[in-house]
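Examination of the molecular architecture
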Amino acid sequence: MAAILDDHKLFYASVPKVACSSVKRMFYEIENGVAFDTIIANGRKFHAHHFYPGILRNKYPQARIADYRRLCLVRDPIKRFLSAYSNRVVFHGELTPQAVKAAGRFKRLTPNPELDEFIDRFEGYLAIPTIHSHCRPMSDYLGTQADYFSAVYNLSDMDRFVDDVSQVLDRPLTIGRFQTGGPKLDPSLLSAKQTEKLKRYYKSDYEAFGTYL
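Our subject in this report is the structure included herewith. Along every chain, residues carry numbers that run from 1 in the direction the sequence is written. Thresholds applied to this predicted model are a pLDDT of at least 70 for local features of residues and 80 or more for the giving and counting of side-chain atom pairs; totals over whole chains, interfaces and linings are not thresholded and use all residues. Just so you know, side-chain values use all the structure's heavy atoms and leave hydrogens and water out.

Focus: helix α9 (residues 158-169)
Selection criterion: Numbered from the N terminus, helices here are DSSP runs of H or I no shorter than four residues, and strands are runs of E no shorter than two. What a helix should span is 1.5 Å times the count of its residues minus one. Burial classes follow relative accessibility: with a 1.4 Å probe on protein chains only, a residue under 20% of its type's maximum area counts as buried, one over 50% as exposed, and anything between as partly exposed. Residues are treated as being in contact if the distance between any of their heavy atoms lies within 4.5 Å.
The end-to-end C-alpha distance of α9 is 17 Å, a good match for the 16 Å that 12 residues give at a rise of 1.5 Å each. Within the span of α9, buried status applies to M158, F161, V162, D164, V165, S166 and L169. For α9, the elements touching its buried residues are β1 (2-5), β2 (10-13), α1 (20-32), β5 (69-74) and β6 (151-154). Trailing α9 by a residue or two, D170 shows a phi angle of about 60 degrees, which is positive.

This is the structure we're talking about:
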């Protein structure tokens with residue numbers, strides 16, 4: 001997911017569950033002069049994601065942003081995974097019986113799984129589009145070359161990220177926190193086997209952005 005400010009030659013590439021809702025709301029306010037609120041048109045709800053849609057690394061508008069300041073935020077992959085499970089599965093309830101059935105050949109998956117089962121049968125749950133988009137590796141969105149970006153920030157460096165954007169725009173900015181619903185899950189909850197499985201799945205993230213994690 002991305003935001004492009006042509007007037008300031010600024011490109012922000014975001015990743016689901018790495019403060020992307022919060023940052024996109026900030027960019028909406030920058031561009032429109034008002035805080036974002038859910039918009040309803042013809043009975044359909046529009047969120048900030050509709051205005052700053054997802055962009056995988058191989059879909060970047062390369063020519064347009066060639067000389068732009070390019071920024072991104074990253075997060076420990078396992079913490080990001082746990083946040084996705086907590087928010088999308090527990091809080092939003094996206095693994096309903098209907099969603100699991102719609103997954104086709106994976107329809108025998110358990111709806112609303114506990115964390116252990118979600119990890120054990122993770123490959124199957126990835127057939128559900130919203131789970132896939134929130135859990136796929138960061139490298140799918142950012143690529144595997146960290147030096148492509150002018151600056152890479154860890155999620156814990158959010159203040160520095162906001163300061164950077166503030167300097168580019170020459171105006172003070174603030175950022176809120178959104179999509180935080182769900183229990184807070186710590187990696188210490190995982191078994192060694194589960195941790196190793198997730199590390200294998202997110203191997204490209206550790207290799208590309210390990211310096212920033």
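Things to note about the pattern of salt bridges
Threshold: Put simply, a salt bridge is a Lys or Arg side-chain nitrogen that is within 4 Å of an Asp or Glu carboxyl oxygen.
One pass over the full model with this rule turns up 9 salt bridges. Among the salt bridges present, the one from E117 reaches R121, with a minimum N-O distance of 3.2 Å. Relative accessible area serves as the criterion here: at 32%, R121 is assigned to the partly exposed category. In this structure, D140 and R136 form a salt bridge, with 2.9 Å as the shortest nitrogen-oxygen distance. Relative accessible area serves as the criterion here: at 28%, D140 is assigned to the partly exposed category.

Details of the nonpolar core
Applied cut-off: Residue types Ala, Val, Leu, Ile, Met, Phe, Trp, Tyr and Cys, when buried and joined through side-chain atoms within 4.5 Å, form a set referred to as a nonpolar core.
Grouped together as the largest cluster of nonpolar side chains are 44 residues, with contacts concentrated most on V23, M26, F27, Y60, L142, F161 and V165. Broken down by secondary-structure element, the contributors of at least two residues to this core are β1, β2, α1, β5, α8 (138-142), β6, α9 and α11 (203-209). Discounting chain neighbours no more than four positions away, the residues touching F161 are Y12, V23, M26, L71, L73 and Y153.

As for the side chain of S83
Tracing the sequence through the fold places S83 in helix α3 (residues 77-91). Here S83 is in contact with K17 and R75, once residues within four sequence places are set aside.

Notes on the sheet that holds β2
Applied cut-off: Each pair of strands is called paired provided DSSP finds at least two bridges between the two strands. Here, axes are lines fitted to C-alpha atoms. For helices the fit covers the stretch in contact, and angles between N-to-C directions go from 0 to 180 degrees.
In space, the 4 strands of this open sheet follow the order β1-β2-β5-β6, with mixed pairing throughout. The open sheet has two edge strands, β1 and β6, and neither has a second partner. The average undirected angle you get between the axes of adjacent strands in this sheet is 15 degrees. Pairing of β1 with β2, which is carried by 4 bridges, proceeds in the antiparallel orientation.

Let's talk about the packing of α1 against α9
Where we set the bar: By definition in this entry, angles of less than 35 degrees are roughly parallel, angles greater than 145 are roughly antiparallel, angles of 65 to 115 are roughly perpendicular, and the rest are oblique. A crossing counts as left-handed when the near helix is turned anticlockwise from the far one by less than a right angle, and as right-handed when that turn is clockwise. Any residue that is not Ala, Val, Leu, Ile, Met, Phe, Trp, Tyr, Cys, Pro, Asp, Glu, Lys or Arg is counted as polar, Gly included; the first ten are nonpolar and the last four charged.
Two numbers describe how α1 lies on α9: the axes approach to 13 Å, and their chain directions differ by 20 degrees. Between α1 and α9, the angle is such that the two are roughly parallel. Here the hand of the crossing between α1 and α9 comes out right-handed. Residues V23, M26, F27 and I30 of α1 lie in contact with α9, whose contacting residues are M158, F161, V162, V165 and L169. When the residues that make up the contact of α1 with α9 are grouped by side-chain class, the tally is 9 nonpolar, no polar and no charged.

Regarding unusual backbone geometry
Glycine aside, negative phi is the norm for most residues, and most peptide bonds take the trans geometry. Backbone geometry at A19 places phi at a positive 60 degrees, although glycine is not the residue there. Taking relative accessible area as the criterion, A19 reaches 19% and is therefore assigned buried. Positive phi outside glycine occurs at N112, with the angle close to 45 degrees. Along the chain, N112 turns up in the loop between α4 (97-102) and α5 (115-120).

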